[in-house]
Amino acid sequence: MNCCPPDSSTILDFKPLTSNNGLRVRRAAHSVDENYKRKYSNATYLMKNLPINHPWNFMQQANVHCAYCDGAYNQSDHPNIKFEVHFSWLFFAFHRAYLYFYEKILGKLIEDETFALPFWNWDSPEGMTIPAMYTDKSTSLYDELRDASTQPPTITDLNYHPNKPKANLSNLIERNLRFMHRQMMSGGRTAELFLGQPFRSGNEPFQGAGSLELAPHANMHRWTGNHSTSLDMGSFGAAARDPIFFAHHSQIDRLWEVWKGLPGGRRENFNDDDWLDSAFLFWDEDLKLVRIRVRDVLDTRKLGYVYEEVPIQWLDMKP
Ligand code: C2O
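Residues numbered from 1 in each chain as written. Predicted model: local features only at pLDDT ≥ 70, side-chain atom pairs only at ≥ 80, totals over all residues.

Per an unreviewed UniProt entry, the protein chain goes by Catechol oxidase protein and derives from Dioscorea alata.

A. Representation of the overall build of the protein chain. Across its full length, the protein chain holds eight helices and seven strands. Put simply, the protein chain has 319 residues, and 45% of those count as buried. Long-range pairs, those at least 24 residues apart, make up 71% of the contacts in the protein chain with a sequence separation of at least 6. (Helix = DSSP H or I, 4+ residues; strand = E, 2+ residues; numbered from the N terminus. Buried ≥ 20, exposed ≤ 12 C-beta atoms within 10 Å, placed from the backbone. Contact = placed C-beta atoms within 7 Å.)

B. View of unusual backbone geometry. Here the bond from alanine 215 into proline 216 is cis, since omega is 5 degrees, no more than 30 degrees from zero. Looking at the secondary structure, you find proline 216 in helix 6 (residues 211-224). Here the bond from leucine 231 into aspartate 232 is cis, since omega is -25 degrees, no more than 30 degrees from zero. One can find aspartate 232 in the loop between helix 6 and helix 7 (244-260). In the Ramachandran plot, phenylalanine 87 falls in the positive-phi region, its phi being about 55 degrees despite a non-glycine side chain.

C. Geometry of the pairing of strand 4 (residues 78-83). Inspection of the sheet shows strand 3 (residues 73-75) paired to strand 4 by three bridges, in the antiparallel sense. Within strand 4, the position partnered with asparagine 74 by the bridge is lysine 82. Connecting the antiparallel pair strand 3 and strand 4 is a turn made up of two residues. (Pairing = 2+ DSSP bridges.)

D. Spotlight on the nonpolar core. Phe94, Ala97, Tyr98, Phe101 and Phe282 are the most contacted members of the largest nonpolar core, which totals 78 residues. When residues in this core are grouped by element, the largest group, 12 residues, is from helix 3 (residues 91-109). Every residue in contact with phenylalanine 94, bar those within four places of it in the chain, is listed here: Tyr68, Val85 and Phe280. (Core = buried A, V, L, I, M, F, W, Y, C linked by C-beta atoms within 7 Å.)

E. Molecular detail of the sheet that holds strand 1 (residues 12-13). The strand order 1-6-5 describes an open sheet built from three strands, whose pairing is mixed. Each having just a single partner strand, strand 1 and strand 5 (279-283) make up the two edges of the open sheet. Pairing analysis gives five bridges linking strand 5 to strand 6 (residues 289-293), with the strands arranged antiparallel. The partner of phenylalanine 282 across the bridge, within strand 6, is valine 290. Of the strands in this sheet, strand 5 and strand 6 touch helix 3, which is tilted by about 15 degrees from strand 5. (Axes fitted to C-alpha atoms, helices over the stretch in contact; angles between N-to-C directions.)

F. Representation of the pairing of strand 6 in the model. Side chains Val290 and Ile292 project from strand 6 onto a buried face, and the interleaved Leu289, Arg291 and Arg293 project onto a face without burial. Pairing between strand 1 and strand 6: two bridges, direction parallel. Of the residues in strand 6, the one forming a bridge with leucine 12 is valine 290. Hairpin connection, strand 5 to strand 6: the antiparallel pair is bridged by five residues, and leucine 287 has positive phi, about 60 degrees.

G. Spatial organisation of helix 3. Between its first and last C-alpha atoms helix 3 spans 27 Å; for 19 residues at 1.5 Å apiece the expected length is 27 Å, and the two agree. Among the 19 residues in helix 3, 17 count as buried, and that is most of the element. In the stretch just after helix 3, glutamate 111 is the one whose phi turns positive, near 50 degrees. (Expected span 1.5 Å × (residues − 1).)

H. Representation of the confidence of the model for the protein chain within the structure. Taken over all residues, the pLDDT of the protein chain has a mean of 94, while the share at 70 or more is 99%. Predicted complex metrics record ipTM = 0.99 and pTM = 0.97. (pLDDT = per-residue confidence, 0-100.)

I. Structural view of the packing of helix 3 against helix 7. Between helix 3 and helix 7, the least distance of the axes is 10 Å, while the angle of their chain directions is 125 degrees. Classed by the angle they form, the pair helix 3 and helix 7 counts as oblique. Pair helix 3 / helix 7 crosses with left-handed handedness. Where helix 3 approaches helix 7, its residues Phe92, His95, Arg96, Leu99 and Tyr102 are matched on the opposing element by Phe246, His249, Ser250, Ile252, Asp253 and Trp256. The class makeup of the residues in the contact of helix 3 with helix 7 is six nonpolar, three polar and two charged. (Parallel < 35°, antiparallel > 145°, perpendicular 65-115°, else oblique. Left-handed = near helix turned anticlockwise from the far one by under 90°. Nonpolar A, V, L, I, M, F, W, Y, C, P; charged D, E, K, R; others polar.)

J. The arrangement of the environment of alanine 209 in detail. Following the sequence through the fold, alanine 209 ends up in the loop between helix 5 (191-195) and helix 6. We classify alanine 209 as partly exposed; it has 19 C-beta atoms within 10 Å. Residues alanine 209 and isoleucine 105 lie 104 residues apart in sequence; the distance between their C-alpha atoms is 29 Å.

Take a look at the structure:
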């Protein structure tokens with residue numbers, strides 16, 4: 001797939017915020033009001049209607065994801081080896097940066113600096129369906145390439161896999177919660193277990209995913225996308241063509257914050273320069289191409305946003 005974003009001869013270094021008055025608040029998608037829905041679908045509509053070569057165009061934005069995951073880039077010191085952000089320690093940081101710029105661009109399009117993406121709160125029973133805002137066919141947040149069988153009120157199967165027998169619906173919510181407990185707590189006690197394996201210059205891609213990236217992250221991609229074609233959400237290259245991608249990843253990003261605050265274990269980010277200095281390029285809300293490093297994204301407040309606090313119901317749900 002050819003999905004490299006537009007190029008630029010100038011690349012600026014990203015500057016994190018130094019003060020944080022007016023933090024944007026990312027809220028649970030199932031509890032936002034009509035006004036927010038209108039605002040968000042309008043912003044997405046504007047993005048979809050930009051000229052196709054505009055770096056903010058919705059497809060160009062989706063292509064950024066495609067380029068970083070479908071082998072568009074090679075490692076600069078190892079031209080025969082691909083650069084890839086999935087299944088390694090780059091996963092969380094790349095997607096945080098990606099959503100950051102995407103959110104800022106949406107805010108710019110509707111001239112609202114307080115605009116924040118929603119998160120799909122699928123680790124909580126109230127959030128275990130496709131949020132209503134994404135199912136209204138008349139808005140830009142709808143995508144027809146989702147599976148018909150997973151439309152509301154179908155409950156999400158956080159451990160969905162096409163080859164697995166269909167989940168028994170009677171206790172699916174409880175099993176989802178126990179699964180969350182395992183992926184977040186016992187399965188993710190260290191940075192390597194949770195964030196993923198080191199991926200350094202010269203390494204082949206796919207060194208190993210962290211617990212949450214494997215599931216529910218990947219499983220919920222497959223569950224949401226069309227089960228026979230895998231489009232959109234079920235495929236790397238096309239996933240970000242579904243606006244729900246950004247609520248799914250906002251949730252993943254939120255769970256990274258939750259993980260750092262969990263009791264017990266050594267739940268701290270890596271302190272390794274190869275990780276901290278890894279960098280990605282994005283078009284920003286001023287139409288500049290910007291280089292952002294992993295070390296720039298570790299504090300969401302320096303990116304100007306926080307998550308709404310919602311109850312966490314899997315803390316005591318041992319598998
Ligand atoms: Cu870059 Cu959810 O994948």
